[in-house]
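# Summary of structural features
As a plain string of letters, each chain reads:
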Amino acid sequence: MLFTPTVIKNLLKKPATRLYPFTVREPFPNYRGELYIDIDACIFCGTCARKCPSQCIEVDKEQGLWTCNPHACVYCGICRDTCPTKCLHMKDVHRKPMTERIMMVEKGEPPKKKKPAAKPEAKAEGTEAAEPKSGSAAAPETAKAEAPAEKVEAKKPDAKKPEAKKK
Amino acid sequence: MATTVIPFGPQHPVLPEPVHLTLKVEDEIVKEAIPALGYVHRGLEKLADIRDYHQMIQVCERVCGICSMIHAVCYSQGIEELMEVEVPKRAEMLRVIWSELHRSHSHLLWLGLFADAFGFESLFMQFWKVRERIMDINEATTGSRVIVSVNVIGGVRADLSPDQIRWILSEIDIVEKEVRALQDTIMNDYTVKARTVGVGVLSKEDAYLLGAAGPTLRGSGVAQDMRMLGYGGYAELDFEPVVETSGDCWARSTVRFRETLQSIDLVRQAIAKLPEGELAAKVKGNPPEGEVYTRVEQPRGECVYYIKGNGTKHLDRLRIRTPTFANIPPLLAMLPGCELADVPVIVLSIDPCISCTER
């Protein structure tokens, strides 16, 4: 008898939890999710690779290659914060589970040897990319930017699949 | 009476993390407990050799999966002391806010696990439901639920906007209301009391002599809390340690319950006193030769970092003493004389964080 009011209340109340696969919570705007790079704005300075606490990023200045092992990434966002051209971004959702190991390899234009001409251009682009803060606004822009850049897959041919799906 | 040996752990439904206890039992009464550790050793201290002192923040955060922020604060404070960096006041207060949010969600997690340990599953769910709001605050303000990763040497790298502060205040009001609604059950319920009152008693003298830390120590009546040292922004806050005197499982859970409410209050105080200013001081160079000890209060008790610099970007030595390590000898003192069925409750009452202990 003591519990009757509670029992009735619980029967009439909505469930305390979300009905998960059917209702998904909106992600918070500055959630540190999947890392991606706007390779056209990258100047291959290697700051991200040096600062990364899990040392999951490699930058090859000669060939213009930016490589990241997403399985070793700890999603701290240090690379994004320290990038001088602000070409690294994080989506507001995390990476979907994968069945195969992948490497993110992006190929861009390596900086010219004598760079006074190339540098201001890269910087201007970088500040432009830094402005839109929310993930949804930044995503289409990088999609545009990624398209011209040649993509080289390191180990698996479907390295870009999870990203492509989300867009 | 013949002695039976019962292995408890490392895999046991009540244990969130692996610790093994060899229990020598005589007719359901525990006579002796022998611990075995080493199942989750990860060698994080050794990483100081190959990661520079900035990157070690991220390593230290991963010492503990619950109180990551407080480990990072402790490490940063050590390096800042060594390098004589002055942390901006706003950064100190922001550290307090996130530390106290971590403490309250850690205690809510533990209260849930504790309820589960004596079989009160719906109470476990209620506590974890309340905890979700704090996790949301963490995620919205820092970008991650648990490993918030907002510390840098010299300050913090995230800020709270006035909108976020208003939202945090409204959320913690709801959290406080919901936690208070559970107060009567965890503290006064007949069934809960039957499982916790008078179980695993640790006297004040024993607690002090065996070097207990945190709520285990305060549950036995010793008013000792590292926040009393006034490190970081705590000097400006109105703080008094929570103490219970009975020294049993009920006292330890009550200390944690009251500390949850106290943490919420400290978040409010810190927000009210949040000064304007810089987020982080500029840090140049490497930690000089020298050594430093820092202490902070974790949800589980006093955490000690020993840092030795050698003038390079790598540290000579990083030593972490976590509160659970200090609480294992008191645990072994509590167990003899208890019933076998009470062992899970007693083991959980020290809030064992074995991953912390083994690093």
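What counts, and where the lines are drawn
- Residues numbered from 1 in each chain as written.
- Chains lettered and ligands numbered in written order.
- Predicted model: local features only at pLDDT ≥ 70, side-chain atom pairs only at ≥ 80, totals over all residues.
- Heavy atoms only, no water.
- Helix = DSSP H or I, 4+ residues; strand = E, 2+ residues; numbered from the N terminus.
- Rg over C-alpha atoms; globule rule 2.2 N^0.38 Å.
- Buried < 20%, exposed > 50% of the residue type's maximum accessible area, 1.4 Å probe, protein only.
- Contact = heavy atoms within 4.5 Å.
- Areas by Shrake-Rupley, 256 points an atom, 1.4 Å probe, with all protein chains shown as cover.
- UniProt positions renumbered as here; feature names shortened; annotations may be inferred.
- Expected span 1.5 Å × (residues − 1).
- 1 Å grid on protein atoms, 1.4 Å probe; cavity = no way out; pocket = protein on both sides within 12 Å on 5 of 7 lines; lining within 4 Å.
- Points joined across faces, edges and corners; volume = space filled by probe spheres on them.
- Buried area = accessible area lost by both parts, 1.4 Å probe.
- Salt bridge = Lys/Arg side-chain N within 4 Å of Asp/Glu carboxyl O.
- Core = buried A, V, L, I, M, F, W, Y, C linked by side-chain atoms within 4.5 Å.

Under the annotation held in an unreviewed UniProt entry, chain B carries the name NADH-quinone oxidoreductase subunit D and is attributed to Pseudodesulfovibrio alkaliphilus.

An unreviewed UniProt entry annotates chain A as 4Fe-4S ferredoxin of Pseudodesulfovibrio alkaliphilus.

## Digging into the overall build of chain B
Scanning chain B from terminus to terminus reveals 12 helices and eight strands. The C-alpha radius of gyration computed for chain B amounts to 20 Å, which stays within 12% of the reference 21 Å derived for 359 residues, consistent with globular compactness. Considering only C-alpha atoms, chain B reaches an extent of 65 × 45 × 30 Å along its principal axes. Per-residue burial over chain B gives 60% buried out of 359 residues. Taking the intrachain contacts of chain B between residues at least 6 apart in sequence as the baseline, contacts between residues at least 24 apart amount to 70%. Here chain B has roughly 13,800 Å² of accessible surface; of this, 52% comes from carbon and sulfur atoms.

## What to know about the UniProt feature "binding site: Ni(2+)" (unreviewed entry) in chain B
All names here are of chain B. Sequence positions flagged by UniProt for "binding site: Ni(2+)" (unreviewed entry) are, in local numbering, Cys-64, Cys-67 and Cys-353. Look at the named residues: they lie 290 residues apart in sequence, but the longest C-alpha span between them is just 10.2 Å, so in the fold they bunch up. Residue placement: Cys-64 occurs in the loop between helix 1 (56-61) and helix 2 (68-83). The class of Cys-64 is buried, set by a relative accessible area of 1%. As for its placement among the helices and strands, Cys-353 is situated in the loop between helix 11 (343-349) and helix 12 (354-358). Given a relative accessible area of 2%, Cys-353 falls into the buried group.

## Description of helix 4 (residues 121-142) of chain B
Along an α-helix, residues three or four apart share an orientation, since each turn contains 3.6 residues. For helix 4 of chain B, spanning 22 residues, the distance from its first C-alpha to its last is 31 Å, which sits close to the expected 32 Å at 1.5 Å a residue. Just past helix 4 of chain B, the residue B:Gly143 takes up positive phi, approximately 110°.

## Side note on the layout of surface pockets
Gaps between atoms show up when a probe of the same size as a water molecule is rolled over them. Of the voids in this model, the largest pocket is the one considered here, and its volume is about 1,200 Å³. Every residue lining the largest pocket is counted, 30 residues in all, and those nearest its centre are A:Arg18, A:Arg25, B:Glu132, B:Asp136 and B:Arg145. Listed by contribution, the elements that provide at least two residues to the lining of the largest pocket are helix 4 and helix 5 (162-188) of chain B. Of the residues forming the lining of the largest pocket, the biggest block, 10 residues, is contributed by helix 4 of chain B.

## Some points on the interface of chain A and chain B
Interfaces are often sized by the accessible area lost when the parts come together. Contact with chain A, which involves 17 residues of that partner, is made by 18 residues of chain B. For the pairing of chain A and chain B, the buried interface totals around 1,400 Å² over both sides, and the portion due to carbon and sulfur atoms is 41%. A per-residue breakdown of the area chain A buries against chain B is headed by A:Phe28, A:Arg32 and A:Pro53, which together make up 37% of the total. Viewed at the interface, chain B and chain A are joined by three salt bridges.

## A closer look at the pattern of salt bridges
All names here are of chain B. With the rule as written, the count across this model stands at 35 salt bridges over all chains. Its salt-bridge partner being Arg-103, residue Glu-100 comes within 3.2 Å of it at the nearest N-O pair. Here Glu-100 and its partner Arg-103 are both found in helix 3 (residues 89-117), three residues apart, which amounts to about one turn of the helix. With its nearest N and O atoms 2.7 Å apart, the salt bridge here joins Glu-132 to Arg-145. Pair noted here: Glu-132 is in helix 4 and Arg-145 is in the loop between helix 4 and strand 4 (151-152), with a separation of 13 residues, a long-range link. Linked through salt bridges whose partners overlap, the residues forming this network are Glu-100, Arg-103, Arg-218, Asp-225, Arg-227, Glu-259 and Glu-297.

## As for the side chain of B:Thr357
Residues and elements named next belong to chain B. Structurally, Thr-357 is set in helix 12. In this structure Thr-357 comes out as buried when scored by relative accessible area, which is 5%. Beyond its immediate stretch of four places on either side in the chain, Thr-357 contacts Thr-322, Thr-324 and Phe-325.

## Regarding the nonpolar core
Counting residues in each nonpolar core, the largest one holds 110 residues, and the members touching the most others are B:Leu23, B:Tyr75, B:Ile97, B:Trp98, B:Tyr305, B:Leu318 and B:Leu335. If you tally residues by element for this core, the top one is helix 3 of chain B, at 15 residues. Look past the residues within four positions of B:Leu335 in its chain and what remains in contact with it is B:Leu21, B:Leu23, B:Val30, B:Ala33, B:Val343 and B:Ile346. By size, the runner-up hydrophobic cluster in this structure holds 19 residues, among which are A:Ile37, A:Cys48, A:Trp66 and A:Cys87.

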